[in-house]
Amino acid sequence: MAVGQVRHTAVLGLGSSLGDSQRALSLAVRMLDAHPDIYVLRTSAVFRSVPIGPARGDFANAAVRIRTSLSARGLLAAIKSIELRIGRRPSDRWSDRLIDIDLLLYGRTIRRGRALCLPHPGLLVRGFALGPAAEVAGDMVHPIDGRRLKDIPVPDVHQLVSVGRLPAVAPQGLPDYTGPRLHARASNSGRAAMKIFI
């Protein structure tokens, strides 16, 4: 991000229930940090959670705290682009998916719209969203509830099982990933390394 740009703090929720879920989450973290207007500040543990709705596989869930110069809509567009590059395809609501990235908080912004709703309406009622989010951004205030995330009880906390951690972003660029769309992503590794070293 260029000097003088307004920087916003945001929290993203990550989920996956297809293939090597933890690897997909790790790839998402590195692709987020490779974006020129997004910096990953903190990553959470990875938690296993039971699916909601028709999904058949357990989900791996995590959260990242980022800093960005993008607007909320610009950040949402960047997130959706990363999902597609990882290999997400259109699917029914609550179905299994290779990657799902949700914008949970964008500072103290409150917005209600069809395409973008802030804070995310499921944040306070889904333990798999609030638990990881509180880990990386416990000091951030929910703009509607008024409490810090770490002070809000996590729903169904007993159902969250830690199964690992998301990686710290390393300077070697994107990982050696063998999943979908590998060649489309490989050309970004140089930019990722440059951004991290500067």
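Located above this text is the structure these notes cover.
Residues numbered from 1 in each chain as written. Predicted model: local features only at pLDDT ≥ 70, side-chain atom pairs only at ≥ 80, totals over all residues. Heavy atoms only, no water.

1. Digging into the environment of Arg-111
And then number 1: Residue placement: Arg-111 occurs in strand β6 (residues 111-112).
And then number 2: For Arg-111, a relative accessible area of 30% puts it in the partly exposed group.
And then number 3: In sequence terms Arg-111 and Ala-72 are 39 residues apart; their C-alpha atoms lie 9.7 Å from each other.
And then number 4: In this structure Arg-111 touches Ala-72, Arg-73, Leu-116, Cys-117 and Leu-118, once residues within four positions along its chain are discounted. (Helix = DSSP H or I, 4+ residues; strand = E, 2+ residues; numbered from the N terminus. Buried < 20%, exposed > 50% of the residue type's maximum accessible area, 1.4 Å probe, protein only. Contact = heavy atoms within 4.5 Å.)

2. Section: the pairing of strand β4 (residues 59-68)
And then number 1: With nine of 10 residues buried, β4 lies mostly within the body of the structure.
And then number 2: When strand β1 (residues 8-16) meets β4, the two strands line up antiparallel, connected through nine bridges. Paired with Thr-9 across the bridge in β4 is Arg-67.
And then number 3: Across five bridges, the pairing between strand β2 (residues 38-43) and β4 is antiparallel. Bridging from a neighbouring strand, Ile-38 pairs with Thr-68 of β4.
And then number 4: As paired strands, strand β3 (residues 45-49) and β4 are joined by three bridges and run antiparallel to one another. Opposite Ser-49, over in β4, you have Phe-59 as the bridge partner. (Pairing = 2+ DSSP bridges.)

3. What to know about the pattern of salt bridges
And then number 1: One pass over the full model with this rule turns up six salt bridges.
And then number 2: The salt bridge partner of Arg-147 is Asp-145, with a shortest N-O separation of 2.7 Å.
And then number 3: By relative accessible area, which is 29% here, Asp-145 ends up partly exposed.
And then number 4: In this structure, the salt-bridge partner of Asp-151 is Arg-148, at a minimum N-O distance of 2.8 Å. (Salt bridge = Lys/Arg side-chain N within 4 Å of Asp/Glu carboxyl O.)

4. Quick word on helix α1 (residues 21-34)
And then number 1: Taking 1.5 Å of rise per residue, 14 residues should cover 20 Å, and α1 covers 20 Å from first to last C-alpha, within 8% of that figure.
And then number 2: Those residues of α1 lying buried are Ser-21, Ala-24, Leu-25, Ser-26, Leu-27, Ala-28, Val-29, Arg-30, Met-31, Leu-32, Asp-33 and Ala-34. (Expected span 1.5 Å × (residues − 1).)

5. Side note on the nonpolar core
And then number 1: Among the nonpolar cores identified, the biggest contains 33 residues, and Leu-12, Val-64, Leu-75 and Leu-103 are the most heavily contacted of them.
And then number 2: Within the residue set of this core, elements represented by two or more residues are β1, α1, β2, β4, α2 (72-86) and β5 (100-106).
And then number 3: Apart from the residues lying within four places of it in its own chain, the contact partners of Val-64 are Ala-10, Val-11, Leu-12, Leu-14, Val-29, Leu-32, Val-40, Arg-42, Thr-43, Val-136 and Leu-166.
And then number 4: Counting residues in each nonpolar core, the second largest holds 14 residues, with Ala-63, Ala-129, Met-140 and Leu-149 among its members. (Core = buried A, V, L, I, M, F, W, Y, C linked by side-chain atoms within 4.5 Å.)

Worth remembering: the numbers are spatial, not functional.
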